[in-house]
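Summary of the model geometry
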Amino acid sequence: MSDKITAVLEFITKRNPAVGEVGLDDDLIDRRAIDSLAFVEFLYLLEELGGEPIDPEDIDVDDFRTLRKIDARFLARAAN
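Cut-off values and rules
- Residues numbered from 1 in each chain as written.
- Predicted model: local features only at pLDDT ≥ 70, side-chain atom pairs only at ≥ 80, totals over all residues.
- Heavy atoms only, no water.
- Helix = DSSP H or I, 4+ residues; strand = E, 2+ residues; numbered from the N terminus.
- Expected span 1.5 Å × (residues − 1).
- Buried < 20%, exposed > 50% of the residue type's maximum accessible area, 1.4 Å probe, protein only.
- Arc of directions from axis to C-beta.
- Polar contact = N/O pair within 3.5 Å; in protein donor to acceptor, adjacent residues only side chain to side chain.
- Core = buried A, V, L, I, M, F, W, Y, C linked by side-chain atoms within 4.5 Å.
- Contact = heavy atoms within 4.5 Å.
- Salt bridge = Lys/Arg side-chain N within 4 Å of Asp/Glu carboxyl O.
- Axes fitted to C-alpha atoms, helices over the stretch in contact; angles between N-to-C directions.
- Parallel < 35°, antiparallel > 145°, perpendicular 65-115°, else oblique.
- Left-handed = near helix turned anticlockwise from the far one by under 90°.
- Nonpolar A, V, L, I, M, F, W, Y, C, P; charged D, E, K, R; others polar.

Helix length check: helix α2 (residues 36–50), at 15 residues, gives a terminal C-alpha distance of 21 Å against a target of 21 Å (1.5 Å per residue), a fit within 8%. Those residues of α2 that sit buried are Ala38, Phe42, Leu43, Leu45, Leu46, Leu49 and Gly50. Each buried residue of α2 sits inside an arc of 165° when the element is viewed along its axis, so together they form one side. Exposed side chains of α2 directed beyond 90 degrees from the buried face belong to Leu37, Tyr44 and Glu48. The residue sitting at the N-terminus of α2 and contributing the capping side-chain oxygen is Asp35; that oxygen lies 3.2 Å from the backbone nitrogen of Leu37.

Set out below in structure tokens:
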């Protein structure tokens, strides 16, 4: 697991310890891993880790469904 995904996972588990262990392909939405109050802070984290701003109008709920999708959509470009 990359350092960036580890940071995302730490964010999730710190704010929602009841979520338990989360795998790369676990459905974060079905598990309610991130609540709406923390979502804006979560976007800021992804912007920081990914190195570029995220336009809220350019995202889809499926972009946040799994850690793997989050990595592909927001973090993978920053690794290159």
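Among the nonpolar cores identified, the biggest contains 21 residues, and Val8, Ile12, Phe42, Leu46, Leu67, Ile70 and Leu75 are the most heavily contacted of them. Per-element accounting of this core gives the leading share, 6 residues, to α2. Setting aside residues up to four positions removed in sequence, Val8 forms contacts with Phe42, Leu45, Leu46, Leu49, Leu67 and Leu75.

With that settled, consider the side chain of Asp63. Among the secondary structure elements, Asp63 is positioned in the loop between α2 and α3 (67–79). In this structure the side chain of Asp63 is engaged in a polar contact, spanning 3.4 Å, whose partner is the side chain of Arg73. Filtering out sequence-adjacent residues up to four positions away, Asp63 remains in contact with Asp58, Lys69, Ile70, Arg73 and Phe74.

Working definition: two side chains of opposite charge can pair if their charged atoms are close together. A complete count under the given rule lists 8 salt bridges for this structure. Linking Glu41 and Arg15 is a salt bridge whose minimum nitrogen-to-oxygen distance equals 2.7 Å. Of this pair, Glu41 sits in helix α2 while Arg15 sits in helix α1 (residues 3–15), and the two are 26 residues apart along the sequence. Since its relative accessible area comes to 36%, Arg15 is described here as partly exposed. In this structure, the salt-bridge partner of Arg65 is Asp62, at a minimum N-O distance of 3.0 Å. Overlapping salt bridges, with partners in common, bring together Asp27, Asp30, Asp62 and Arg65 in one network.

Moving on, we get to the packing of α1 against α2. Packing of α1 against α2 leaves a shortest axis separation of 11 Å and a crossing angle of 165°. By the angle between their directions, the pair α1 and α2 is classed as roughly antiparallel. The chirality of how α1 crosses α2 is right-handed. Within the contact between the two elements, α1 uses Lys4, Ala7, Val8, Phe11, Ile12 and Arg15 and α2 uses Ala38, Glu41, Phe42, Leu45, Leu46 and Leu49. Residue composition of the contact of α1 with α2, by class: 9 nonpolar, no polar and 3 charged.

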